[in-house]
Amino acid sequence: MKKTLLAAVTASVLLTGCVENIDMTAATDLYKAATISDQEVIALADQSAKQLDANNNVAPASNKYAKRLARITQGLNNEDGLELNFKVYLTDEMNAFAMPNGTVRVYSGLMDKLTDDEVRFVIGHEVGHVKLGHTRKEYQLAYAASAARKGASAAGGTVGMLSNSQLGDFTHKLVSAQFSQSQESASDTYAVKFMKRHGWDASAGIGVMKQFQAMEAASGGSHSVFSSHPASKDREEHIRDLL
């Protein structure tokens, strides 16, 4: 199995046109990136979260957005074994993301558009990507791409510390990751169960999709929130089926 994966990774390097300085060492680095452990994924998430927090305008605890998010997530310290920590990024962008180390970041632009339960649904959806293994796959792919281009490799079977530029490139890939239609549907399913499990209104997911549809219509589909998600109308219908 491991030999097959190494061969596949080597072929992938050759087929994607990365012909500069191609050798078995590069292929081995990619193979190691594709087989990084859960602990190594968390270590990468720790590095990424630290850099993102440093490069974004994080709402202090006294800020109205931080206070609202604290109220929205009160008691939500652990989700299915994942220790969660929350912060708000003060930006007009309508976005949110979660990481394998429990980092959850919500953008103030998203909070401006959504009700409390709708924000909770989005959080459940993003946590779903983590708990269902989607985010871990994105970490493997992003680290492998970084190793291919920047020479960042897994030394001695452990993930080495990335330089600031390498980490920035790696983190950008994660935040802009595109999940498949099936992954988005699975995370919406997780979010519905998440809402019900915590006693919140699961139908808030429909409101989220309505907001996305309105924004999609207003922006001609060019808004960044739509670049990594399937049609919100299809997702709305899926949520209605679940309800």
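Above this text is the structure in question.
Quick caveat: nothing in here was measured; it's all calculated off a predicted structure.

(A) Quick look at the overall build of the protein chain. Of regular secondary structure, the protein chain possesses 11 helices and 7 strands. For the protein chain, buried positions account for 48% of its 243 residues. Partitioning the contacts of the protein chain with sequence separation of at least 6, the portion at a separation of at least 24 is 65%. When the accessible surface of the protein chain is totalled, it reaches about 11,800 Å², and 52% of it is carbon and sulfur.

(B) Expanded view of the sheet that holds strand β4 (residues 96-98). The sheet built from 3 strands is open, its strands ordered β3-β5-β4 with mixed pairing. In this open sheet, the two edge strands, each paired with only one partner strand, are β3 (85-89) and β4. Taking each pair of neighbouring strands and ignoring which way they run, the sheet shows an average axis angle of 15 degrees. Note: β4 against strand β5 (residues 103-107), 3 bridges, orientation antiparallel. For alanine 98, the partnering residue across the bridge sits in β5 and is valine 104. Sitting on the sheet, helix α4 (residues 64-72) is in contact with β3 and β5, with an inclination near 150 degrees to β3.

(C) Examining the pairing of β5 more closely. β5 sits mainly inside the fold: 5 of its 5 residues count as buried. Burial along β5 is two-sided: Thr103, Arg105 and Tyr107 and Val104 and Val106, pointing in opposite directions, are all buried. With 5 bridges connecting them, β3 and β5 associate as parallel partners. The residue of β5 that forms the bridge with lysine 87 is arginine 105. In this structure, the hairpin formed by β4 and β5 is closed by a connection of 4 residues, where glycine 102 is found at a positive phi of approximately 95 degrees.

(D) Main features of the packing of aromatic side chains. With the rule as written, the count across this model stands at 4 aromatic pairs. Summarising the aromatic geometry, the rings of tyrosine 89 and phenylalanine 97 are spaced 6.2 Å apart at their centres and angled 55 degrees between planes, so their arrangement reads as tilted. Looking at tyrosine 89, the relative accessible area reads 1%, which means it is buried. Here phenylalanine 97 falls in the buried class, since its relative accessible area comes to 8%.

(E) Just helix α6 (residues 116-131), in detail. In this model α6 runs 22 Å from its N-terminal to its C-terminal C-alpha over 16 residues, within 8% of the 22 Å that 1.5 Å per residue would give. With respect to burial, α6 is a largely interior element, 14 of its 16 residues being buried. Of the residues trailing α6, glycine 133 is marked for its positive phi of about 85 degrees.

(F) Region of the structure containing the environment of glycine 128. Within the secondary structure, glycine 128 sits in helix α6. Accessibility expressed as a relative area gives 0% for glycine 128, which makes it buried. Beyond its immediate stretch of four places on either side in the chain, glycine 128 contacts Ser187 and Tyr190.

(G) Region of the structure containing the packing of α4 against α6. Across the interface, α4 lies against α6 with an axial gap of 10 Å and an inter-helix angle of 75 degrees. Taken together, the axis directions place α4 and α6 in an arrangement best described as roughly perpendicular. Contacts from Arg68, Leu69, Arg71 and Ile72 in α4 reach Asp116, Val119, Arg120 and Ile123 in α6. Grouping the constituent residues of the contact of α4 with α6 by class yields 4 nonpolar, no polar and 4 charged.

(H) Region of interest: the pattern of salt bridges. Using the criterion set out here, one finds 11 salt bridges in the structure. Aspartate 38 is the salt-bridge partner of arginine 136, the closest N and O atoms lying 2.6 Å from each other. With arginine 136 in helix α7 (residues 134-150) and aspartate 38 in helix α3 (residues 38-55), this residue pair connects regions lying 98 residues apart in the sequence. Accessibility expressed as a relative area gives 47% for aspartate 38, which makes it partly exposed. Between aspartate 116 and arginine 71 there is a salt bridge, and its shortest N-O distance comes to 2.5 Å. Taken together, the residues aspartate 116 in helix α6 and arginine 71 in helix α4 connect sequence positions 45 residues apart. Each of Lys210, Lys233, Glu236 and Arg240 takes part in one network of salt bridges that share partners.

Cut-offs and rules
Residues numbered from 1 in each chain as written. Predicted model: local features only at pLDDT ≥ 70, side-chain atom pairs only at ≥ 80, totals over all residues. Heavy atoms only, no water. Helix = DSSP H or I, 4+ residues; strand = E, 2+ residues; numbered from the N terminus. Buried < 20%, exposed > 50% of the residue type's maximum accessible area, 1.4 Å probe, protein only. Contact = heavy atoms within 4.5 Å. Areas by Shrake-Rupley, 256 points an atom, 1.4 Å probe, with all protein chains shown as cover. Pairing = 2+ DSSP bridges. Axes fitted to C-alpha atoms, helices over the stretch in contact; angles between N-to-C directions. Phe/Tyr/Trp six-rings, centres within 6.5 Å; stacked < 30°, edge-to-face > 60°. Expected span 1.5 Å × (residues − 1). Parallel < 35°, antiparallel > 145°, perpendicular 65-115°, else oblique. Nonpolar A, V, L, I, M, F, W, Y, C, P; charged D, E, K, R; others polar. Salt bridge = Lys/Arg side-chain N within 4 Å of Asp/Glu carboxyl O.

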